[in-house]
Amino acid sequence: MYLKRLGKILLLTISLILILSFFTTILYYFNLLSSQIYNILKLFISLFSLFIGSYQIGKKAEKKGILEGIKLGGILIFLFLILHSVLFQENLDFKLFFYDLILLLTSAIGGMLGINQKKEKT
């Protein structure tokens, strides 16, 4: 049951990232976005999608929403690192480490807010 719920949330998060990235790339391709705005939007798309996924898993968690958010963030960061190393064949650097740390923090906050939202409704 838990893995099924986690799988659905992972699918939701990855789908959000892909869909929003697709639209942002189209806007950038047709020169409707500058390169600076495009780079900022790439960061915010990941943060937003991971926050939404962590929030959802936090709402469905029984306890410790922050831990559920960290689990989800850890899984996605692991997938991103594997894809990054396979596709780009680059080593980890400080910039990527800092980016992953921000993603993990965002997912923890999303899970924490999700479990708190659940408690307020009950």
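Residues numbered from 1 in each chain as written. Predicted model: local features only at pLDDT ≥ 70, side-chain atom pairs only at ≥ 80, totals over all residues. Heavy atoms only, no water.

A. Spotlight on the packing of aromatic side chains. Under the defined criterion, the tally for this structure stands at 5 aromatic pairs. Between phenylalanine 22 and phenylalanine 23, the aromatic rings sit 5.7 Å apart at their centres with planes inclined by 65 degrees, giving edge-to-face as the arrangement. Aromatic side chains tyrosine 28 and tyrosine 38 sit 4.3 Å apart centroid to centroid with 15 degrees between the ring planes, which places their arrangement in the stacked category. Of the two residues, tyrosine 28 is situated in helix 1 (residues 2-29) and tyrosine 38 in helix 2 (residues 35-60); the sequence distance between them amounts to 10 residues. (Phe/Tyr/Trp six-rings, centres within 6.5 Å; stacked < 30°, edge-to-face > 60°. Helix = DSSP H or I, 4+ residues; strand = E, 2+ residues; numbered from the N terminus.)

B. Region of interest: the environment of serine 15. Considering the arrangement of structural elements, one finds serine 15 in helix 1. For serine 15, a relative accessible area of 28% corresponds to the partly exposed category. Sequence separation between serine 15 and leucine 96 is 81 residues, and the spatial gap between their C-alpha atoms is 22 Å. (Buried < 20%, exposed > 50% of the residue type's maximum accessible area, 1.4 Å probe, protein only.)

C. Quick peek at the layout of surface pockets. In this structure, the largest pocket spans a volume of roughly 990 Å³. Along its surface, the largest pocket is lined by 27 residues, and Lys42, Ser46, His84, Phe88 and Tyr99 are the ones closest to its centre. At the level of secondary structure, the elements contributing two or more residues to the lining of the largest pocket comprise helix 1, helix 2, helix 3 (65-88) and helix 4 (94-121). Each residue belonging to the lining of the largest pocket can be placed in one class, and the counts come to 15 nonpolar, 7 polar and 5 charged. (1 Å grid on protein atoms, 1.4 Å probe; cavity = no way out; pocket = protein on both sides within 12 Å on 5 of 7 lines; lining within 4 Å. Points joined across faces, edges and corners; volume = space filled by probe spheres on them. Nonpolar A, V, L, I, M, F, W, Y, C, P; charged D, E, K, R; others polar.)

Structural measurements only, silent on function.
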